[in-house]
Amino acid sequence: MGTTALASEPAAPAASQTAVTYTLPDLPYGYDALEGAVDAKTMEIHHGKHHAAYVNNLNAALASEPALAAEPLEALLAKISTLSPAIRNNGGGHYNHSLFWKLMAPAGQGGTPSAELAADIDATFGSMDAFKAEFNKAATGQFGSGWAWLVVTDEGLKITSTPNQDNPLMDVAAVKGAPVLAVDVWEHAYYLQYQNRRADYLKSWWDVVNWNEVNSLYADAK
C-alpha cells in the first residue's frame, strides 16, 4: 500500500497546476478610443458581452475535459476537428478577439508597416493599395459572419477568410498560417454604426490598424 500511495500522490496536484482558466483580457485602450472608425457602444458590447461570453463558454466546455484544459489554446485549435463544436466556436472566438483588440490602436498611434513587411506586401500583392483592396474583397466576400486574415505561410503571405469563429490556426482551415492581421466582419462588430454597410466599416477600419503589432507578429512568424 505504501508503494501505491507514493505512485498516485503526485498525479492530482500536477493536473491541478496545469489546468487553464481563461479570462477576458483588458482592452489596451478605452471603449471610445477608436471613435470615428468603431463607436464606443459597439466596443463596449463587443468586448464586454460577446468576447466575455466566448470566455465563459470556453471555460464551461473545458470544465469536464481536464486533459484538454491543460493544453495551450493554440494546441487545441490545431486539432479542432477532433473536438466539440463548443470548444471550436468559443476557443476560436476567444483567440480571435484577443488578437483583434491588439491589432487596433487609436488613429495616429498605430505606426506604419515595417520596411520588411511593406516590401513583402509589394512583392506579393503589387502595392499596399492592391493589398488593401484584396484584403477588403476577402472581408466583404465572406458570406455571413466571419473574419478576414493576412497570414504568413510556408509559401509566403496569403489573404484568406474564415466563417464564424474559425481561424487559420485550425486544422480545418482552407489556408493555414500564422495570423498577422485580422478583421472581424460579424455584424456585431459594426452594425450599430454602419448597419449593413460592411464596406464602409472596412474603409474606416484601416485608420485604426495597429501596424506596430502587425510588424511584431510578422517578424515572429518569419
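Right above here is the structure, for reference.
In this text the structure is predicted, and so the values were computed from the model without any measurement. (Residues numbered from 1 in each chain as written. Predicted model: local features only at pLDDT ≥ 70, side-chain atom pairs only at ≥ 80, totals over all residues. Heavy atoms only, no water.)

> It is not clear to me how the packing of helix α7 (residues 115-125) against helix α11 (residues 211-221) should be interpreted in this structure. Could you clarify?
Packed helices, taken two at a time, are described by the angle their axes make and the gap between the axes. It is the contact of α7 with α11, at a shortest axis distance of 9 Å, that shows an interaxial angle of 80 degrees. By the angle class used here, α7 and α11 are roughly perpendicular. Contacts between α7 and α11 involve Glu 116, Leu 117 and Asp 120 on the former and, on the latter, Trp 211, Val 214, Asn 215 and Tyr 218. Looking at the contact of α7 with α11 residue by residue, the classes come out as 4 nonpolar, 1 polar and 2 charged. (Axes fitted to C-alpha atoms, helices over the stretch in contact; angles between N-to-C directions. Helix = DSSP H or I, 4+ residues; strand = E, 2+ residues; numbered from the N terminus. Parallel < 35°, antiparallel > 145°, perpendicular 65-115°, else oblique. Contact = heavy atoms within 4.5 Å. Nonpolar A, V, L, I, M, F, W, Y, C, P; charged D, E, K, R; others polar.)

> For this particular structure, what's the right way to read the sheet that holds strand β1 (residues 146-153)?
Paired through their backbone hydrogen bonds, the strands of a sheet run either parallel or antiparallel. With antiparallel pairing, 3 strands are arranged side by side in an open sheet as β2-β1-β3. The sheet is open, and its two edges are formed by β2 (156-163) and β3 (178-184), each paired on a single side. Between one strand axis and the next, the sheet turns by 20 degrees as a mean value, whatever way the strands run. With 8 bridges connecting them, β1 and β2 associate as antiparallel partners. Across the sheet, the residue bridging to Thr 153 is Gly 156, located in β2. Along the sheet face, α7 touches β1 and β2 and points at about 80 degrees away from the line of β2. Together, β1, β2 and β3 form the strand contacts of α11, whose direction differs from that of β3 by roughly 150 degrees. (Pairing = 2+ DSSP bridges.)

> Help me out: how do you make sense of unusual backbone geometry in this one?
Where the residue is not glycine, phi is negative for most of them; where a peptide bond is considered, it is trans in most cases. Despite not being glycine, Asn 164 has its phi angle at roughly 55 degrees, a positive value. Here Asn 164 lies in the loop between β2 and β3. The exposure class of Asn 164 is partly exposed, given its relative accessible area of 41%. A positive phi angle, near 50 degrees, is found at Gln 195, a position not held by glycine. Its place among the elements puts Gln 195 in the loop between α9 (191-194) and α10 (198-205). (Buried < 20%, exposed > 50% of the residue type's maximum accessible area, 1.4 Å probe, protein only.)

> Any chance you could explain the nonpolar core here in plain terms?
One broad trend across soluble globular proteins is that nonpolar side chains are buried collectively. Residues Phe 131, Phe 135, Leu 150, Leu 181, Val 183, Tyr 201 and Trp 205 are the most contacted members of the largest nonpolar core, which totals 59 residues. Of all the elements, β1 adds the most residues to this core, at 6 residues. Once residues within four sequence positions are removed from consideration, Val 183 is found in contact with Phe 100, Phe 135, Ala 139, Gly 146, Trp 147, Ala 148, Tyr 201, Leu 202 and Trp 205. (Core = buried A, V, L, I, M, F, W, Y, C linked by side-chain atoms within 4.5 Å.)

> Just checking my understanding: could you explain the packing of helix α8 (residues 128-141) against α10 for this structure?
For the pair α8 and α10, interaxial distance at closest approach is 10 Å and the crossing angle is 145 degrees. α10 is crossed by α8, and the crossing has right-handed handedness. Here α8 contributes Phe 135, Asn 136, Ala 139 and Thr 140 to the contact with α10, which in turn contributes Arg 198, Ala 199, Leu 202 and Trp 205. (Left-handed = near helix turned anticlockwise from the far one by under 90°.)

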